[in-house]
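The residues making up each chain are set out below.
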Amino acid sequence: MQDTDPHAGARPARKTFPAYAFIAILAGALLVAFLVASGRIGPGRLKPADIIDLMQGPEPHEGFRRAHAKGFCVSGQFRSTGALQPYSSAAIFKPGATAFIGRYSTGGNNPTAPDLQSPVRSLALAFSLPGGQQWRTAMNTPPVLPVRTPEAFHAQLAAMQPDPATGKPDMARIMAFMKSHPESANFLAWQAGYKPTGSLATERYHSINIFHLVNDSGRERAVRWAAAPQAPAGPPLQDPHPDALQREFATRLDSGPVVYDLVFTFAGSGDPVDDVTALWPADRQTVVAGTIEIGGWEPQAGGACGGLNFDPVVLPDGIKPGHDPILHARGAAYAESQRRRAREQLAGAE
Ligand code: HEM
């Protein structure tokens, strides 16, 4: 009786199980084939670990960030004027003050490198907004990158690896790389004209990547932002101490906060909005959203910024990531770097 009853239990179930398993295996195989064919996974696919392996170099500094390893923590307030409110619904742009934790750094993977030898200076900020939202931004002194894809960035890192014979970067190899990437022209022009100022407080720091502001009506505008210093630039520092920039900054804070304007630049029609090597014309609309006021600092070891990861795709409602692939590669790379240093710190490094 049970053999012919369609509602009977055990035996019909045994018959259908292999069919479900077959369908599941087939669906899985199709998914893998699709991901490989679309380049999302597979042997040729660039992984965050590939980038971090090159960034950290042959002898990693355990417990430290794999990029911008040298730095210190700062804290302060962002005072919004409300001027950006018509363009973004983010709570931080309503008139008022929002506290932040920040970090100044110099480029490179060496946490004890002399400050004045670094070609790049940086400012990162993390804002906590109502409702548990966060905005994190990591900005550098150049306004553009030399390359526009994660693959080219990986190749650039490979070209910048120290020559095993000298332990130093091979300048001829780096220049050959730049020559084979003509999109690096804007970066090279910036580099040729850049004169480091005498203080971290007097540099201009750029988002480089492009983001989209979204207002209350859902209208989107492509933007870049920058922290523009209010203090005038002084001559280059002469202090031979490896922590010259940090020492100058600490002394400067004794006489009052360090202040920047947070300036948003809007893309004009036809401006490239997914290319981190492209500059926009200088006459584009800008809006000063408010001031970044830094009032305190502390060492990164044990400091509030030490365990933070200034992942640039951590954004509040009202700001969306743009579409350039470098921005999204940054998110994954910052996480990989943080995983490595956190694991090493747990094991006793730093
Ligand atoms: C678009 C231009 C970029 C800017 C403005 C930028 C800026 C910064 C800054 C300021 C920091 C230090 C953050 C801190 O103080 O903790 C940083 C860290 C880092 N950056 Fe970038 N970066 C850029 C591109 C990239 C790219 C393309 C990659 C790799 C795909 C990358 C990988 C990293 C990593 C791994 C860290 C350390 C993360 C951590 O352990 O917390 N960056 N970057």
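Everything discussed here concerns the structure shown above.
This is a predicted model, so every value here is computed, not measured.

1. Observations regarding the state of the cysteines
What we call a disulfide is simply a covalent bond connecting the sulfur atoms of a pair of cysteines.
In step 1: The tally for this structure, following the rule as stated, stands at one disulfide.
In step 2: Each disulfide pairs two cysteine sulfurs, and for Cys-73 the partner residue is Cys-305, the sulfurs being separated by 2.1 Å. Disulfide Cys-73 to Cys-305: torsion about the S-S bond roughly -80 degrees, handedness left-handed. With Cys-73 in strand β1 (residues 70-80) and Cys-305 in the loop between β9 (286-299) and β10 (319-321), the pair connects residues that are 232 residues apart, well separated along the chain.

2. Quick look at the pairing of strand β8 (residues 258-266)
Side-chain direction in a regular strand flips from residue to residue, so the side chains alternate between the two faces of the sheet.
In step 1: By the criterion of burial, β8 is predominantly enclosed, with seven of the nine residues buried.
In step 2: The pairing of strand β7 (residues 220-229) with β8 spans seven bridges and is classified as antiparallel. Of the residues in β8, the one forming a bridge with Ala-228 is Asp-261.

3. Description of the packing of aromatic side chains
In step 1: A complete count under the given rule lists 18 aromatic pairs for this structure.
In step 2: Their ring planes at 90 degrees and their centres at 6.4 Å tell us that Phe-78 and Phe-93 sit as a pair that is edge-to-face. Placement of Phe-78 in strand β1 and of Phe-93 in the loop between β1 and β2 (96-106) is noted, with a sequence separation of 15 residues between them.
In step 3: Positioned over the ring face of Trp-280 is Arg-224, at 4.9 Å from the centre of the ring.

4. Observations regarding the layout of surface pockets
In step 1: Estimated volume of the second largest pocket: approximately 340 Å³.
In step 2: Lining of the second largest pocket is provided by 16 residues; of these, Arg-204, His-206, Arg-224, Thr-265 and Leu-279 occupy positions nearest its centre.
In step 3: Contributions of two or more residues to the lining of the second largest pocket are made by β7 and β8.
In step 4: Take the lining of the second largest pocket: its biggest share by element is three residues, from β7.
In step 5: Of the residues assigned to the lining of the second largest pocket, the class counts are nine nonpolar, four polar and three charged.

5. Re the site of the ligand
In step 1: In the vicinity of the ligand, 29 residues are found, and the nearest of them are Arg-65, Arg-103, Tyr-334, Ser-337 and Arg-341.
In step 2: Between the ligand and Arg-65 there is a distance of 2.5 Å, counted from an oxygen atom to a side-chain nitrogen or oxygen.
In step 3: One of the side-chain nitrogen or oxygen atoms of Arg-341 is found 2.7 Å away from an oxygen atom of the ligand.
In step 4: Listed by contribution, the elements that provide at least two residues to the shell around the ligand are α2 (48-56), β2, β3 (121-128), β4 (134-140) and α7 (325-346).
In step 5: Examining the composition of the shell around the ligand, we find that eight residues originate from one element, α7, more than from any other.
In step 6: Among the residues making up the shell around the ligand, the classes are represented as 16 nonpolar, nine polar and four charged.

6. Describing the environment of Trp-190
In step 1: Checked against the element boundaries, Trp-190 lands in helix α5 (residues 185-193).
In step 2: Residue classification places Trp-190 among the buried positions, given a relative accessible area of 18%.
In step 3: Taking C-alpha positions, Trp-190 is 8.4 Å from Val-144, a pair spaced 46 residues apart along the chain.
In step 4: The contacts of Trp-190, once residues within four sequence positions are left out, are Pro-119, Thr-141, Pro-142 and Pro-143.

7. Notes on the coordination of the iron atom of the ligand
In step 1: Just one protein atom coordinates the iron atom of the ligand, and that atom is Tyr-334 (OH), at 2.1 Å.
In step 2: For Tyr-334, the position within the fold is in helix α7.

8. As for empty space enclosed by the protein
In step 1: Scanning all chains against the criterion turns up one cavity of 30 Å³ or more.
In step 2: Put simply, the largest cavity is a space of about 70 Å³.
In step 3: Elements with a contribution of two residues or more to the lining of the largest cavity: β1, β2 and α6 (244-253).
In step 4: Across the lining of the largest cavity, the residue classes tally to four nonpolar, four polar and two charged.

The rules behind these values
- Within any chain, residue numbers begin from 1 and follow the written order of that chain's sequence.
- Whole-chain, interface and lining totals are the exception, using all residues; otherwise, since this is a predicted model, local features are given only for residues with pLDDT of at least 70 and side-chain atom pairs are given and counted only at 80 or more.
- Calculated side-chain values reflect all of the structure's heavy atoms, with hydrogen atoms and water omitted.
- Disulfides are defined as cysteine sulfur pairs within 2.5 Å.
- Only runs of H or I of at least four residues qualify as helices and only runs of E of at least two qualify as strands under DSSP, and these elements are numbered from the N terminus.
- Using a 1.4 Å probe on the protein chains alone, a residue whose accessible area is under 20% of its type maximum counts as buried, one over 50% counts as exposed, and one in between counts as partly exposed.
- Paired strands are those between which DSSP finds at least two bridges.
- Each Phe, Tyr or Trp ring (for Trp, its six-membered ring) is paired with any other whose centre lies within 6.5 Å, and the angle between the two planes then decides the class: stacked below 30 degrees, edge-to-face above 60, tilted in between.
- In this scheme, Lys NZ or Arg CZ marks a charge over a ring once it lies within 6 Å of the ring centre and within 35 degrees of the ring normal.
- In this analysis the probe radius is 1.4 Å and the grid spacing 1 Å, with only protein atoms considered; a cavity is a set of points the probe fits into but cannot get out of, a pocket is an open set with protein on both sides within 12 Å along at least five of seven lines, and lining residues have an atom within 4 Å of a point.
- Grid points are joined across faces, edges and corners, and a volume is the space filled by probe spheres set on the points.
- For this scheme, ten residues count as nonpolar: Ala, Val, Leu, Ile, Met, Phe, Trp, Tyr, Cys and Pro. Four count as charged, namely Asp, Glu, Lys and Arg, and the remainder, Gly too, count as polar.
- If a single non-hydrogen atom of a residue is within 4 Å of a molecule or strand, that residue counts as near it.
- Polar contact is the term for a pair of N or O atoms within 3.5 Å; when the atoms are in protein, one must be able to donate a hydrogen and the other to accept it, and sequence-neighboring residues count only if both atoms are side-chain atoms.
- By the convention used here, residues are in contact when the closest approach between their heavy atoms is within 4.5 Å.
- With water excluded from the atoms, a metal site may look incomplete; its donors are any N, O or S atoms within 2.8 Å, or within 3.2 Å for Na, K and Ca.

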